[in-house]
Amino acid sequence: MKPLPFRMPCVLSCAPRMPAPVHPLQWAADNHEEFVAVLSHNIECGAAAVCAPTMYANPARLEAHRAEEDYHRINCALMAVAVEGAMERVPAGAALGATELCQAPDGEATIEDMIAAYRRQIRVLAECGAAFLVAQDMTSLTELRAALIAAQESSSLPVIAQLRVDDEGVTPYGTELLAAAVTAQSMGAAAIGIDARGCFSALGQILRDTAPYLSVPVMAVVPPEADEAELRALPGVSIFTGI
């Protein structure tokens, strides 16, 4: 994989997330101008990169909207939000979200099914101008592994592996943050993102327990109310992004 296409330390600006129940093409059409303006403003304020709201746009998840056959057009439309907002001033990336495919005992999906879904989406995102990927809100370590494998197989785009944790440093799928982060790093993640939403006060200690064991940059997901002093106190962080 290529290195991340921006200098660090820096701020990564994400377009507002697409509400899950909304049809992606309708959402992109209704909100395009507003979100381009948000990204453009954030760049003027110092953001070094932007990210498209494509986390709900992989083919497997789009089946819920009966829009799986339009996945190419949907991803291109959402990617256009970030590309237009960036206006060639900064790199534009794209988000990868959960596939919602269930493995045994709750379902019959395999990691190969997840890899196939991510592979199809990543190829389209690369075609539409994505310069990097952010894998976020994965429901299992298996799903994160699938996203990283698909990225390596279908593109050379660098991937930020974003992991949400509680105040004990445990992911929603029960894996210790350090174990998940080291696994993602060993699989080629270009950076590790740590999302401690809901327990921001614990983020400093979580970073102190994790960052020394990582050789890749660390991204912190921070709430909008965090002030400059709080951000400067976070150890080992190279990239900041908002919730």
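Our structure's up above, just so we're on the same page.
How each quantity is defined
Residues numbered from 1 in each chain as written. Predicted model: local features only at pLDDT ≥ 70, side-chain atom pairs only at ≥ 80, totals over all residues. Heavy atoms only, no water. Helix = DSSP H or I, 4+ residues; strand = E, 2+ residues; numbered from the N terminus. Rg over C-alpha atoms; globule rule 2.2 N^0.38 Å. Buried < 20%, exposed > 50% of the residue type's maximum accessible area, 1.4 Å probe, protein only. Pairing = 2+ DSSP bridges. Axes fitted to C-alpha atoms, helices over the stretch in contact; angles between N-to-C directions. Parallel < 35°, antiparallel > 145°, perpendicular 65-115°, else oblique. Left-handed = near helix turned anticlockwise from the far one by under 90°. Contact = heavy atoms within 4.5 Å. Nonpolar A, V, L, I, M, F, W, Y, C, P; charged D, E, K, R; others polar. Patch = residues over 30% accessible without salt bridge, like charges linked within 9 Å, V, L, I, M, F, W, Y side chains within 5 Å. Areas by Shrake-Rupley, 256 points an atom, 1.4 Å probe, with all protein chains shown as cover. Salt bridge = Lys/Arg side-chain N within 4 Å of Asp/Glu carboxyl O. Lys, Arg positive; Asp, Glu negative; His and termini not counted. Charge placed at Lys NZ, Arg CZ, Asp CG, Glu CD.

Q: Teacher, can you tell me more about the overall build of the chain here?
A: Summing up its helical and strand segments, the chain has 8 helices and 8 strands in all. Taking 243 residues into account, the globule formula puts the C-alpha radius of gyration at 18 Å, and the chain, at 17 Å, falls close to it. Seen along its three principal axes, the alpha-carbon backbone of the chain occupies a region of about 45 × 45 × 30 Å. Taken over 243 residues, the chain has a buried fraction of 53%.

Q: How do you make sense of the pairing of strand β8 (residues 239–242) when you look at a structure like this?
A: Remember that side chains alternate between the two faces of the sheet whenever the strand is regular. Where strand β1 (residues 10–14) and β8 come together, 3 bridges link them in parallel fashion. What sits directly across from Val-11, in β8, is Phe-240. Summarising the sheet, strand β7 (residues 218–222) and β8 pair through 4 bridges and their orientation is parallel. Along β8, the bridge assignment pairs Val-221 with Thr-241.

Q: Can you help me understand the packing of helix α3 (residues 71–86) against helix α4 (residues 111–127) in this one?
A: For any two helices packed against each other, the geometry comes down to the angle between their axes and how far apart the axes lie. At a minimum axis distance of 9 Å, the contact between α3 and α4 shows a crossing angle of 45°. The angle between the axes of α3 and α4 places the two elements in the oblique class. Judged by the sense of rotation from one axis to the other, the crossing of α3 with α4 is right-handed. Each of Tyr-71, His-72, Asn-75, Cys-76 and Met-79 in α3 lies in contact with α4, whose residues at this interface are Arg-120, Gln-121, Val-124, Leu-125 and Glu-127. When grouped by side-chain class, the residues that make up the contact of α3 with α4 number 5 nonpolar, 3 polar and 2 charged.

Q: What am I meant to see in the environment of Ala-146 here?
A: Secondary-structure assignment places Ala-146 in helix α5 (residues 141–154). Judged by relative accessible area, Ala-146 falls into the buried class, the value being 0%. C-alpha separation for the pair Ala-146 and Ala-117, spaced 29 residues apart in sequence, amounts to 9.2 Å. Residue contacts for Ala-146: discarding those within four places in its chain leaves Ile-111, Met-114, Ile-115 and Tyr-118.

Q: Could you clarify how one ought to interpret a negative patch on the surface in this entry?
A: A cluster of acidic residues, Asp-166, Asp-167, Glu-168 and Glu-176, forms a negative patch at the surface. Looking at the element boundaries, Asp-167 is found in the loop between β5 (159–164) and α6 (177–186). Residue Asp-167 is classed as partly exposed on the basis of its relative accessible area, which comes to 46%.

Q: Which parts of the structure should I look at to understand the pairing of β1?
A: By the bridge criterion, 3 bridges tie β1 to strand β2 (residues 49–52) in an arrangement that is parallel. Bridge assignment links Cys-14 to a residue of β2, and that residue is Cys-51.

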